[in-house]
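# Remarks on the overall topology
Below, each chain spelled out in residue letters.
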Amino acid sequence: MTTPPLQINSLNVSYHSKLVLWDVGVSIQPGRTTAIVGPNGAGKSTLLKAALGLIPASSGDISFYGGPLRKCRSRVAYVPQRESVDWDFPVNARDVVAMGLYRRIGWCLPVRSIHRRMADEALADVGMADFACRQISQLSGGQQQRVFLARALAQKADLYLMDEPFASVDAATEQAILAVLERIKNAGGTVVCVHHDLETVAQYFDDAVLLNMRIVAQGPVIDVMTPENLRKTYGARLALVDELETNLSSSIPARK
Amino acid sequence: MIWTELDTWIVIAGALTAMSCALPGVFLQLNKQSMLGDAISHAVLPGIAIAFLLSGSKDTLPMLAGALAAGVLTAILSGTIQRIGQVEQGASLGVVFCVFFAVGILLVRVAADHVDLDPSCVLFGSLELAVIQSSGIPKVVWTSLITLAVNSVLVALFFKELRLSAFDNRYAASAGIPPESVRLGLTILTSITSVMAFESIGSILVIAMLIVPGATALLFCRSVGSVLFASLGFAALASAGGHLLAISTIPAMLSYLLDNPDIGSVSSAGMMATCAGLMFFSILLGKILSKPRGASVTQVDTQ
């Protein structure tokens, strides 16, 4: 069996001495797309950040391709939440995408024309070729999301960790992101997305991880997205789950 | 108004100092850490005083070491208070630098009072006195030129890293460019720059020159590179304009208003800050006034 792109064992994370993630174990399968699903405050984004070492973990093992992250940073690309940065920052779309190449360019060396060309190619991959010189504050929310995606693509990684890429984007962006996910998968890459929309999980992703501070279930969407599991994940919000139950039962068989 | 060689040196020294402050200042603002510049320029005072007391001289090196230690300590202490106390960054910085500044003033007043290090000089600088020298290029011009050169080289070398960690520190960390280290470097650079600028323009103007040229440039520039160049221009302009105000316009106005013909000149450093402020507000005004016109053009476009 091949080494999983991301393997997390008994991860505990606390924030301000309150436990946010509790004994979390996740194994991400290579060449597949995985959604991390759960209610607000379930620790979905925290899981990604802790895996990347952006916030400290109290305990637990995290390995990327069988080793620590610092051994394979260039193979792992992160797409942060769009709201995490200030979009009034004085840069254009190409500048932001070129940031995905900084590690390859190396410390203290300038961004050269070859890198700008690579950035433009990544922008074209998300359907944003015409916006390379556009100031990022002049882009719509969906376009900003695609710029973030292009930055990760420019990195030419094997594993992509995306934090809510589908959150409040327009239909064109949604299609662009889906096309990118498909392309990554066809090239043998792996994608992990924090996802909030239960109804589209089965259509968009191969695998799902249900998370509410601890892991409720993980595996192929068909096995995981059961009403019982969802009820366990979302707890008291039964009405929502009941409503989804009907939608899910119709969407899952329709997929294959 | 009489323009002498000294006036030329005042403008050059002022411009070089202001420009060397503007460079780290731009990145402090992009990092949303404007307050850190304010804090550091105050907090280095006890460092300078202690270095002075220990070494007994006003040599640059011990002063730099003292200021550097105080500057980095400010950043570390406020970071710790922020984390443990869960207060916002501005508040924790405020607590730290007020204490440091108070200690610094005490040290300067009590322990170093009998020697040539007085509080008003530290606060307001003495640009006019610093350039007085029997012959050749004044020392303050050399020190400010070296500071500007060092800052320019470092900003050019680490431009990419500074920009990335200011824009998206999480992504920077995930890509193996640790934003904490980049910020610590910026803190150190700001500390060094404030100390080098102290002698000529004093701590109040250091704050103004760290922030105002960059803030003015950020009003209309669309890339970090152009913000840097424009802020250098505004800094130089503030120096020239400020000195002109100080030796001609303002004294003339004051003489007229106060009916006292003896007012020769006012502080050039103070007027540089005033001039920088005037530029900021005129560009802000221009931006506000041009807004409605821009909106009507878009309306025509859509029709």
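Our structure is the block above this text.
Below or above, wherever it landed, is the structure these notes cover. Everything quoted here is computed from the prediction, not taken from an experiment.

## Some thoughts on the overall build of chain A
- Assigned secondary structure in chain A consists of 10 helices and 9 strands.
- Compactness check: chain A gives a C-alpha radius of gyration of 18 Å against a globular reference of 18 Å for 256 residues, within 12% of the reference.
- Counting only C-alpha atoms, chain A reaches 55 × 40 × 40 Å along its principal axes.
- Looking at chain A as a whole, 44% of its 256 residues qualify as buried.

## Considering the overall build of chain B
- Along the backbone of chain B there are 12 helices and 0 strands.
- Burial analysis of chain B (303 residues in total) assigns 48% to the buried set.
- In chain B, the proportion of contacts linking residues at least 24 apart, taken out of those at least 6 apart, comes to 76%.

## Considering the sheet that holds strand β1 (residues 6-15) of chain A
Residue and element names in this part refer to chain A.
- Strands sit in the order β2-β1-β4 across an open sheet of 3 strands; the sheet is antiparallel. A single partner strand is all that each edge strand has here, and the edge strands are β2 (18-28) and β4 (59-64). This sheet shows a mean twist of 20° between the axes of neighbouring strands, independent of strand direction.
- Summarising the sheet, β1 and β4 pair through 5 bridges and their orientation is antiparallel. Counterpart to N12 in the pairing with β4 is S59.

## Things to note about helix α8 (residues 159-167) of chain B
- Of all 9 residues that make up α8 of chain B, 7 are buried, and the element is covered over most of its length.
- Among the residues of α8 of chain B, those classed as buried are K160, L162, R163, L164, S165, A166 and F167 of chain B.

## So, the sheet that holds strand β9 (residues 214-220) of chain A
Residues and elements named next belong to chain A.
- As summarised here, the arrangement of the 6 strands in space is β5-β6-β7-β3-β8-β9, forming an open sheet in which the pairing is mixed. What marks the edges here is a single partner per strand, and that holds for β5 (76-79) and β9. When strand polarity is set aside, the average angle formed by the axes of neighbouring strands in this sheet is 15°.
- When strand β8 (residues 207-212) meets β9, the two strands line up antiparallel, connected through 6 bridges. Bridging across to β9, L211 finds its partner in I215.
- Packed onto the sheet, helix α5 (residues 141-154) meets β5 and β6 (159-163) and runs at close to 170° relative to β5.

## With respect to the pairing of β1 of chain A
- With 7 bridges connecting them, β1 of chain A and β2 of chain A associate as antiparallel partners. Counterpart to L6 of chain A in the pairing with β2 of chain A is I28 of chain A.

## Re unusual backbone geometry
- One non-glycine residue, K156 of chain A, lies in positive phi territory at about 50°.
- When you line up the elements, K156 of chain A lands in the loop between α5 and β6.
- Phi angles above zero are rare outside glycine, and Q86 of chain B is one such case at about 50°.
- For Q86 of chain B, the position within the fold is in the loop between α3 (60-85) and α4 (89-111).

## Concerning helix α1 (residues 5-30) of chain B
Residue and element names in this part refer to chain B.
- With 26 residues, α1 should reach 38 Å at 1.5 Å per residue; the first-to-last C-alpha distance of 38 Å fits that figure.
- The largest bend along α1 reaches roughly 30° and is located at L23, with the proline P24 sitting one to four residues downstream.
- Extensive coverage of α1 is indicated by the burial of 22 of its 26 residues.
- At the C-terminal side of α1, K32 shows a positive phi close to 55°.

## Quick word on the nonpolar core
- Among the nonpolar cores identified, the biggest contains 169 residues, and V97 of chain A together with M209 and A276 of chain B are the most heavily contacted of them.
- Discounting residues that sit within four places of it in the chain, A276 of chain B has contacts with A208, M209, V212, P213, F234 and A238 of chain B.

## Things to note about the packing of helix α4 (residues 113-125) of chain A against α5 of chain A
Residue and element names in this part refer to chain A.
- For the pair α4 and α5, the least separation of the axes is 8 Å and the interaxial angle reads 125°. Here α4 lies oblique to α5, going by the angle between them. α5 is crossed by α4, and the crossing has right-handed handedness. The segment α4 lies against α5, with M118, A119, A122, L123 and D125 engaging A150, L153 and A154.
- Considering only residue class, the contact of α4 with α5 consists of 7 nonpolar, no polar and 1 charged.

## A word on the environment of G67 of chain A
- Position of G67 of chain A among the secondary structure elements: in the loop between β4 and β5.
- As a C-alpha pair, G67 of chain A and P80 of chain A span 13 residues in sequence and 23 Å in three-dimensional space.

## Focus on the environment of R103 of chain A
- Here R103 of chain A is to be found in helix α3 (residues 102-105).
- Expressed as a C-alpha distance, the spacing of R103 of chain A and S74 of chain A, which sit 29 residues apart in the sequence, is 7.4 Å.
- When near neighbours in sequence (up to four residues on either side) are disregarded, R103 of chain A contacts R73 and S74 of chain A together with A175 and G176 of chain B.

Here is what the cut-offs are and how they apply
- Residues numbered from 1 in each chain as written.
- Chains lettered and ligands numbered in written order.
- Predicted model: local features only at pLDDT ≥ 70, side-chain atom pairs only at ≥ 80, totals over all residues.
- Helix = DSSP H or I, 4+ residues; strand = E, 2+ residues; numbered from the N terminus.
- Rg over C-alpha atoms; globule rule 2.2 N^0.38 Å.
- Buried ≥ 20, exposed ≤ 12 C-beta atoms within 10 Å, placed from the backbone.
- Contact = placed C-beta atoms within 7 Å.
- Pairing = 2+ DSSP bridges.
- Axes fitted to C-alpha atoms, helices over the stretch in contact; angles between N-to-C directions.
- Expected span 1.5 Å × (residues − 1).
- Bend = angle between axes of the 7 residues up to and from the residue.
- Core = buried A, V, L, I, M, F, W, Y, C linked by C-beta atoms within 7 Å.
- Parallel < 35°, antiparallel > 145°, perpendicular 65-115°, else oblique.
- Left-handed = near helix turned anticlockwise from the far one by under 90°.
- Nonpolar A, V, L, I, M, F, W, Y, C, P; charged D, E, K, R; others polar.

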